[in-house]
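Remarks on the overall topology
Next come the chains, spelled out residue by residue.
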Amino acid sequence: ERVKEGRWECQGCFWVEMDTNLPAGESLVRQILYGKRFFMDEFGKEMKVGFLPDVFGYSAALPQLLVKSGTPYFMTQKLSMNDTNRFPRHTFLWKGIDGSEVLTHMLPEDSYNSAAVPQMAIYGLHHYTDLDRCGEALQLYGIGDGGGGPGYEHLERIKRQKNLKGVPPLRPEFCIDFFERINRKRDTYRKWVGELYFERHQGTYTSIAKGKMYNRLMEIKLHHTEWLYTLAALRLGTPYPHDRLEEIWKEMLLYQFHDCLPGSSIKRAYEETHARYRLLLEELDRMIAEAETLLAGAADTAAMAEPVAVFNPSSWERTETIEFAGRQLSVTVPPLGYAVADMAGVPAAEEKAAPSDRLENDRLRAAFNPDGTIASLFDKEEGREILRQNTVGNALRLYDDEYTHWDINKGYLTCTPEQAKLVSARGFVRGVVQGIAMEYTIGQSRILQTVTLKDGSRQLDFETTVEWKETYKMLRASFPVDIVTDTARCEIQYGHIQRPTHQNTTWDQAKFEVCAHKWVDMADNGYGVALLNNGKYGYKIWDNVLDIDLLRSQMCPCEDGDKGVHTFTYSILPHAGNVIDGGVVRAGCELNMPLLALKAAGDGGKTLPSRDMLAFTDQPNILIDAVKRAEDTDGYILRLYEAGGKRTRAHITLNGLRAKGLTDLLERPVSEEEAAKFTADASGFALDFHPFEVHTVLVRPE
């Protein structure tokens, strides 16, 4: 009623006011997709403003997602709380990693809880850095943090300031009207390029680690479920569980709220959400197993005594040795598909004793100190040492950290940490895997870590379990690498950004902790070292040290929120070439999305080939990131992006599908100019990508 009367304004294009650092790219897309569809279905209005007043920094991937969803405007104010530098802009064009620009307004009053008093309006006037370009600004009045909205007194104060000497005139107006009006002078505004880094709350990259691990697993398993049911629907006519998947997505998106996923909620929030995460993950596991069983049961297993179906969730072919039922089998699996292999005659992978002070294959050699740290990590192919002289790798250290779940105590940078004490080390070889199982104590806690190296691999994995009992402490692992560079590449949604490895300016100094997704990479002159992970987000990259934040143990606002058992893996990957040629992007995905295997017992039903796939790309820097049923048509959606920062024309081959055209993120047809990037052909389609560009393609069954 009030919306129809024009008294209430619908605002915001997201499902919730979510964090933008931690969710995956597809999660941000679904925040927009489900958020905008809600307002269109409920009120018949399309939201045009990305409205995130209280979020802890803003990913450089966001401008593109806003533009490609028909959302040209963005509003926030959180960067006014920076603790080192004053953000220099209020009305500006924010440019993302792909070049997309969104008109952005930050509140000059530095608050989304304005009391609507003259003092605040005067403050906003005198601190408005873009007053020379834009003569008006927004004031968000009322109780915004915690809810409540404007009260009688706010409305009365605004009336009295309509024309009050010495005070900038105030008038009530809808936010969208303000943006549409100031957009007329769009070409006159200054620009800000890259992320909107918030110089506080860096602890939220790590706090409440189980919630972050659950979120990562949810994102991965939702990807698997949608892809597998798409394949099963196309090949077997299996019903696609669209409604239930949408419900699960929306619940996970709720938990990405900017105080929940970052770890800054109260204890009750995590007692409830973690219990729900576990139930949802169990349900997704059942759905994945059901789709795999249907496909594997219909696959051709003729002449196979012990058929095993192996599924590849990646958009590139993978050849790996998998462990299944205590045996190791080398398989080659097509992209977004499966292959059936025969385990008959494959012997059990027996474990044998091996030295506990070194790991070595034809590519890499690691030597360990008596305390468990790495003394040397040598790249045999390139003939170079990875670690800096007189340093050690994989130093597990415990630091004092006396602040809240929001913030990290910067004093840890200059304090003397506690080094983990090695209790035992046992070397072993199991088929193609060699490893060292180590036990450490540190503080009140215990660490069980198995360092493994596979035959033919350049990647050293650190499979870790921590029995965490600390309070006001922080556990980190570091690798000082022999790389000379002034920037590190950090993966974010749909690409990566470069961040400084030095402290030249106050802007550099403020980035003592940065957020990245599956990898961080340092490189010089075509050679680099990447640090990968399967559920962590906080890093320190100063002085060419790859340093990952593993666990924190704060008491506010969630008491003992991180105490308990944590399991995770991080990896070191030396490589020649950039992050594409050196395999960093793919390695990060493969660590998080291992091949899936199960027995393939045919049931006499419809027969599928022993190998099948959905789609693949001919360019290694183009990834198919999501496969799902379309929202409003009988087709399916492929979401692709360019991962290396390189303009690319790629061809995507489809199997059993026909390409229909490009859409925006809401799955609507794009403009003629945008559509010109797409060309369909008999085998699939060709597509032009700008650096880090995201494309959404509608396909239908042949």
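Presented here is a report on the structure given in the accompanying data block. (Residues numbered from 1 in each chain as written. Predicted model: local features only at pLDDT ≥ 70, side-chain atom pairs only at ≥ 80, totals over all residues. Heavy atoms only, no water.)

**As for the packing of helix α2 (residues 25-43) against helix α8 (residues 242-255)**
Contact pair α2 / α8: the axes reach a minimum separation of 10 Å and the direction vectors enclose 105°. Comparing the axis directions of α2 and α8 gives the class roughly perpendicular. On α8, the residues touching Glu26, Ser27, Arg30, Gln31 and Tyr34 of α2 are Glu246, Trp249, Lys250, Met252 and Leu253. Broken down by class, the residue content of the contact of α2 with α8 amounts to four nonpolar, two polar and four charged. (Axes fitted to C-alpha atoms, helices over the stretch in contact; angles between N-to-C directions. Helix = DSSP H or I, 4+ residues; strand = E, 2+ residues; numbered from the N terminus. Parallel < 35°, antiparallel > 145°, perpendicular 65-115°, else oblique. Contact = heavy atoms within 4.5 Å. Nonpolar A, V, L, I, M, F, W, Y, C, P; charged D, E, K, R; others polar.)

**Focus on the sheet that holds strand β14 (residues 384-385)**
The antiparallel open sheet is built from four strands, whose spatial order is β11-β12-β13-β14. Only two strands of the sheet have a single partner each, and these edge strands are β11 (358-360) and β14. Pairing between strand β13 (residues 374-379) and β14: two bridges, direction antiparallel. Across the sheet, residue Phe378 finds its bridge partner in β14, namely Glu385. (Pairing = 2+ DSSP bridges.)

**Focus on the packing of helix α7 (residues 209-236) against α8**
It is the contact of α7 with α8, at a shortest axis distance of 11 Å, that shows an interaxial angle of 160°. The angle between α7 and α8 falls in the class roughly antiparallel. For the element pair α7 and α8, the recorded crossing hand is left-handed. Facing Asn215, Met218, Glu219, Leu222, Thr225 and Glu226 of α7, the residues of α8 in contact are Leu245, Ile248, Trp249 and Met252. Residues that form the contact of α7 with α8 fall into these classes: six nonpolar, two polar and two charged. (Left-handed = near helix turned anticlockwise from the far one by under 90°.)

**Here's the deal with the nonpolar core**
With 111 residues, the main nonpolar core has Phe74, Met218, Phe311, Leu640, Leu654 and Phe685 as its most contacted residues. Of all hydrophobic cores here, the second largest spans 53 residues; its members include Met213, Val451, Ala516 and Tyr527. (Core = buried A, V, L, I, M, F, W, Y, C linked by side-chain atoms within 4.5 Å. Buried < 20%, exposed > 50% of the residue type's maximum accessible area, 1.4 Å probe, protein only.)

**Some details on empty space enclosed by the protein**
If you roll a probe as big as a water molecule over the atoms, it shows you where there is empty space left. If you walk through the whole model with that rule in mind, you get five cavities of 30 Å³ or more. Of the pockets and cavities examined, the largest cavity occupies roughly 510 Å³. What lines the largest cavity is a set of 32 residues, among which Ala24, Ile220, Lys518, Met593 and Asp625 lie closest to the centre. Those elements that provide at least two residues to the lining of the largest cavity are α2, α7, β22 (487-492), α11 (584-592) and β33 (622-629). In terms of residue class, the lining of the largest cavity is made up of 16 nonpolar, nine polar and seven charged. (1 Å grid on protein atoms, 1.4 Å probe; cavity = no way out; pocket = protein on both sides within 12 Å on 5 of 7 lines; lining within 4 Å. Points joined across faces, edges and corners; volume = space filled by probe spheres on them.)

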